[in-house]
Amino acid sequence: MQYFFQQIVNGIGDGAIYASLGLALVLIYRTTNIANFAQGEMATFSAYIAWQMVDWGVPLWWSFLIAIAVSMVVGVLAYLLLVRSVQHRDELTIVIVTLGLFLAFNSFDGAMWGFLQLSLPSPFPEKSFAIGALRFNAELLGTIMILIAISIGMFLLLQHTRLGTALRASASNATSAMLVGIPFTAMMAIGWGLAAGLGAVSGLLVGPKLTLDPNMMGAIIIYAFAAAVVGGLTSYRGAVVGGAIVGISQALSMAYLPWLGSDLQILLPLMLIVAVLIIKPEGLFGSTVVIRV
Amino acid sequence: MSSIEIPAMQSAPRGEVVATKIGVGFVLVLILLGMPLVIPEYQTFQLTGVMTYAVAALGLNLITGYVGQVSLGHNAFFALGSYAAVLSVVYLGVNDVVAVLIAAVVTFIFGVLAGYPAKRLRGLYLALITLVLAVSVVPLVKQFKAYTGGAAGLMVDKPVPPAWFTLGQDAWIYYMVLAFTLVIFWLVRNFVGGSNGRALAGIRESELAASSMGVDVNRLKVIVFGVGSMLAGVGGALATFTIGFIGPDSFTLMLSISFLAAIVVGGLGTIWGALVAGLFLQFVPSYASDLGQAFSGAVYGGILIACMTLMPNGIVGSLLKIASNRREARKAADRTAGKGAEKTTVAEKTTVKAAADRTARAT
């Protein structure tokens, strides 16, 4: 039984990472109605920026902050230079352009830092605490606390500031928002910047756990999409709960279904995506989309 | 839909266009038949590759270009066709042509099964569900390594020419692939050229409008998904027999993205665009990878973004548009010069343009 609860604890730790990237996906989907397939590669880019800073001798926490700031600027630029011009075109165009962004970031990382594996130091100490029979290491607690901080920060920003209200207004009704003087393009760019920052956090959390290479987020982005889809793609709460569901089910299947082998473990989040999309496409927390004809 | 057709389009010039098209097609087939006689073996091999990719790209163009469904799972059907063909040669001992036909049947069945959720989902959700297909391929191939050879892959026996055929193995495979390619392109051209083609365009532009005109939207979507996947399977089977090797590394998500890039460059919703896509898929990756590992991704990414923002019709689509604009301009000039009495209202002009656009898309 203790083993079971330990797996759940570990699963929540991984789930927190998926949730942070999932939140980025939801944020972009809600503000600009785009599923950003490049989100994972943008996070990898952030991890490389942090690695570069550390390599140049910048203290670790400063490196991470710089990486997040740079990522936010890159997110804003990606929107202004590229996404903005195709935002109102059909879904096919948008999907193809974000796939183009995916490849662009992936090959930029490869060209700049090579395809060899690098290691990013962890910001957390190598300590662990025991509560009863369960063990929590500092990394796990740190990850969960960061996710909680992000969630509270996003809630306060979106619900209790003028900027957040303006962001939500632009996303829900662009024309009315513009009529009351909210700059639409600036809001969309800020949405992309914030999402890139959230993605950067997930990249910085994943970097020390795995080894840093251009395809680092390849599997993580699938888990994050699974988290976002389970939560309904439009709900921040859904992304967090979805992240936990995906993380826990992944940990449990690794512990109790060893015959699946390391290759087939990825099929679990994939099955979750398929099941949710077929049975309940609006997810656990999403709102049903009504199309006016 | 026949009300859009205006008499001017159906009279003498139309017959001439058809005649020229048949002529061009005939000459093209002759050239393709003669190719292995004049070009070196390696280039014959490369041309065979172009045709195998063109067949698969045509399948994706049906799904994405004609119906407007975003599929990232084309690599899965390409892989499924390849393994179905190879395994039926190994375990059933069938002839290569029969193996390709088995691959076609298998991928059609799986394509229809995948098409069922696809008919309910649109755009983004469909992209996600096909993404699931795309990333499942490699783990599954590795899991069943007893049959697939796992990550290391398998060597495949290439088709062996009969004794009377003296041009060599590459030429033999070339003719086998050419036969499949010609039949497939001809069948697809007929499929999209008729009322089905207009129904597909209707689904792409507005499902509601199409269904209220009597198009069975769901049925057609599932069929097209099945047929498109089948063409991916046939292309994959032919490509594997051409190369003589099968392994999971050639079937990653990157292959799907390459297919998308290629049909976007060639021209979404055009038959000839698939041929351009075949050329693109055969030649661009090898030149790009000569320039470095990171470069091929940069080339694809750059091309995807540039095409979508600057040239959404692709190469063939843009050429067709130029041609149809010119034809329309000439017709308008004829009309105003010849018969001054005839009214050319704005409304009429737009109908001409719409009809011309439609025919341009259908070909």
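Just so you know, these numbers come straight off a predicted model, no measurement behind them. (Residues numbered from 1 in each chain as written. Chains lettered and ligands numbered in written order. Predicted model: local features only at pLDDT ≥ 70, side-chain atom pairs only at ≥ 80, totals over all residues. Heavy atoms only, no water.)

Chemist: Describe the overall build of chain A, listing the residues and the values that go with them.
Modeler: Helix and strand counts for chain A come out as 12 helices and 2 strands. Counting from the amino terminus, chain A carries its helices and strands in the arrangement α-α-α-α-β-β-α-α-α-α-α-α-α-α. In terms of overall dimensions, chain A is globule-like: its C-alpha atoms have a radius of gyration of 19 Å, near the 19 Å expected for 293 residues. Structurally, chain A occupies a C-alpha span of about 60 × 50 × 35 Å along its principal axes. The 293 residues of chain A split such that 54% are buried. Pairs at least 24 residues apart make up 75% of the contacts formed inside chain A by residues separated by at least 6 positions. With an accessible surface of roughly 12900 Å², chain A has 69% of that area assigned to carbon and sulfur atoms. Across chain A, the 11 positively charged side chains and the 11 negatively charged ones have centroids separated by 17 Å. (Helix = DSSP H or I, 4+ residues; strand = E, 2+ residues; numbered from the N terminus. Rg over C-alpha atoms; globule rule 2.2 N^0.38 Å. Buried < 20%, exposed > 50% of the residue type's maximum accessible area, 1.4 Å probe, protein only. Contact = heavy atoms within 4.5 Å. Areas by Shrake-Rupley, 256 points an atom, 1.4 Å probe, with all protein chains shown as cover. Lys, Arg positive; Asp, Glu negative; His and termini not counted. Charge placed at Lys NZ, Arg CZ, Asp CG, Glu CD.)

Chemist: Break down the overall build of chain B for me, citing the residues and quoting the values.
Modeler: From N to C terminus, chain B includes 16 helices and 2 strands. Here chain B has roughly 16600 Å² of accessible surface; of this, 68% comes from carbon and sulfur atoms.

Chemist: Pulling in residues and values, what's your account of the side chain of Thr242 of chain B?
Modeler: All names here are of chain B. Inspection of the secondary structure assignment puts Thr242 in helix 11 (residues 217–243). Residue Thr242 is classed as buried on the basis of its relative accessible area, which comes to 3%. Engagement of the side chain of Thr242 in a polar contact is seen with the backbone oxygen of Leu238, the distance being 2.6 Å. Residues within four places of Thr242 in sequence aside, it is in contact with Phe45, Thr48, Thr52, Lys158, Ile173 and Val177. (Polar contact = N/O pair within 3.5 Å; in protein donor to acceptor, adjacent residues only side chain to side chain.)

Chemist: Help me get a handle on the interface of chain B and chain A, residues and values and all.
Modeler: With 38 residues of chain B at the contact, the number on the chain A side is 39 residues. Taken together, both faces of the contact between chain B and chain A bury some 3400 Å²; the carbon and sulfur share is 82%. A per-residue breakdown of the area chain B buries against chain A is headed by Leu124, Tyr125 and Met308 of chain B, which together make up 18% of the total. Here chain B and chain A share 0 salt bridges between them. Counting across the interface, chain B meets chain A through 0 residue pairs in polar contact (both at pLDDT 80 or more). Those elements that place two or more of their residues in the side of chain B that touches chain A are helix 5 (96–120), helix 6 (123–143), helix 12 (253–266) and helix 14 (293–310) of chain B. Per-element tally for the side of chain B that touches chain A: the top contributor is helix 6 of chain B, with 14 residues. (Buried area = accessible area lost by both parts, 1.4 Å probe. Salt bridge = Lys/Arg side-chain N within 4 Å of Asp/Glu carboxyl O.)

Chemist: Run through the pairing of strand 2 (residues 134–137) of chain A, naming residues and quoting values.
Modeler: Residue and element names in this part refer to chain A. Summarising the sheet, strand 1 (residues 128–131) and strand 2 pair through 4 bridges and their orientation is antiparallel. What sits directly across from Ala130, in strand 2, is Arg135. Between the end of strand 1 and the start of strand 2, which pair antiparallel, lie 2 residues, with Gly132 showing a positive phi angle near 60°. (Pairing = 2+ DSSP bridges.)

Chemist: Please provide a residue-by-residue account of the confidence of the model for chain B, values included.
Modeler: Residues and elements named next belong to chain B. Put simply, chain B has an average pLDDT of 82, and 88% of its residues get 70 or more. Predicted confidence in chain B is weakest over helix 1 (residues 7–10), with a mean pLDDT of 44, and strongest over helix 4 (residues 74–92), with 94. Under a pLDDT of 50 for its full length, residues 1–12 has, in the predicted model, 12 contacts with residues more than four places off or in other chains. In this model, residues 340–347 is a region of pLDDT below 50 whose contacts with residues beyond four sequence positions or in other chains number 6 contacts. Per the prediction output, this complex has pTM 0.84; the corresponding ipTM is 0.83. (pLDDT = per-residue confidence, 0-100.)

Chemist: Describe the environment of Leu58 of chain B, with residues and values.
Modeler: Residue and element names in this part refer to chain B. Along the polypeptide, Leu58 turns up in helix 3 (residues 41–66). Looking at Leu58, the relative accessible area reads 0%, which means it is buried. A sequence separation of 174 residues divides Leu58 from Ala232, and the C-alpha atoms of the two residues are 8.2 Å apart. The residues touching Leu58, leaving out its near neighbours within four places in the chain, are Ile184, Phe185, Val188, Leu231, Ile271 and Ala274.

Chemist: I'd like a rundown of helix 5 of chain B, residues and numbers included.
Modeler: Note: α-helices contain 3.6 residues per turn, so residues at a spacing of three or four share the same orientation. A rise of 1.5 Å per residue sets the reference length of helix 5 of chain B, with its 25 residues, at 36 Å; its end C-alpha atoms lie 37 Å apart and thus fit the reference within 8%. At Ala114 of chain B, helix 5 of chain B shows its largest bend, some 30°, and a proline, Pro117 of chain B, comes one to four positions later. Among the residues of helix 5 of chain B, those classed as buried are Asp96, Ala99, Val100, Ala103, Ala104, Thr107, Gly111, Val112, Gly115, Pro117 and Ala118 of chain B. Its buried side turned inward, helix 5 of chain B meets helix 12 (267–279) of chain A together with helix 4, helix 6, helix 8 (169–193) and helix 11 of chain B. Taking the backbone nitrogen of Val97 of chain B as reference, a side-chain oxygen 2.7 Å away marks Asn95 of chain B as the first, capping residue of helix 5 of chain B. (Expected span 1.5 Å × (residues − 1). Bend = angle between axes of the 7 residues up to and from the residue.)

Chemist: Let's hear about the nonpolar core: which residues, and what values?
Modeler: Formed by 186 residues in total, the largest nonpolar core has its most connected members in Phe37 of chain A together with Phe259 of chain B. Each residue touching Phe37 of chain A, except ones within four places of it in the same chain, is listed here: Val95, Thr98, Leu99, Phe102 and Phe225 of chain A together with Leu72, Ala127, Leu128 and Leu131 of chain B. (Core = buried A, V, L, I, M, F, W, Y, C linked by side-chain atoms within 4.5 Å.)

Chemist: So what's going on with a nonpolar patch on the surface? Which residues, and what values?
Modeler: Residues and elements named next belong to chain B. Where nonpolar side chains cluster on the molecular surface, the patch consists of Val90, Tyr91, Leu92, Leu140, Phe144 and Tyr147 and spans about 650 Å² of accessible area. With 3 residues, helix 4 is the largest single contributor of residues to the nonpolar patch. For Val90, the position within the fold is in helix 4. In this structure Val90 comes out as exposed when scored by relative accessible area, which is 53%. (Patch = residues over 30% accessible without salt bridge, like charges linked within 9 Å, V, L, I, M, F, W, Y side chains within 5 Å.)

Chemist: Could you give an account of the confidence of the model for chain A, with specific residues and numbers?
Modeler: Of the residues in chain A, 98% have a pLDDT of 70 or more, and the chain-wide mean is 88. For chain A, per-element mean pLDDT is lowest for helix 11 (residues 261–264) of chain A, which scores 75, and highest for helix 2 (residues 39–55) of chain A, which scores 94.

Chemist: Give a detailed account of the pattern of salt bridges, specifying residues and quantitative values.
Modeler: Residue and element names in this part refer to chain A. Overall, the coordinates contain 2 salt bridges over all chains when judged by the stated rule. Among the salt bridges present, the one from Lys209 reaches Asp14, with a minimum N-O distance of 3.0 Å. Of the two residues, Lys209 sits in helix 8 (residues 184–209) while Asp14 sits in helix 1 (residues 2–32), which places them 195 residues apart along the sequence. Relative accessible area serves as the criterion here: at 41%, Lys209 is assigned to the partly exposed category. The partly exposed category is assigned to Asp14, whose relative accessible area is 22%.

Chemist: Go over unusual backbone geometry, please, and point to the residues and values.
Modeler: Positioned with a positive phi, Asn33 of chain A is a non-glycine residue whose angle comes to about 60°. For Asn33 of chain A, a relative accessible area of 53% translates into the label exposed.

Chemist: Please give an account of a positive patch on the surface that cites residues and values.
Modeler: Residues and elements named next belong to chain B. A grouping of Lys21, Arg189, Arg326, Arg327 and Arg330 is seen on the molecular surface, where their side chains present a positively charged patch. If one sorts the elements of the positive patch by residue count, helix 15 (residues 314–338) sits on top with 3 residues. Position of Arg330 among the secondary structure elements: in helix 15.

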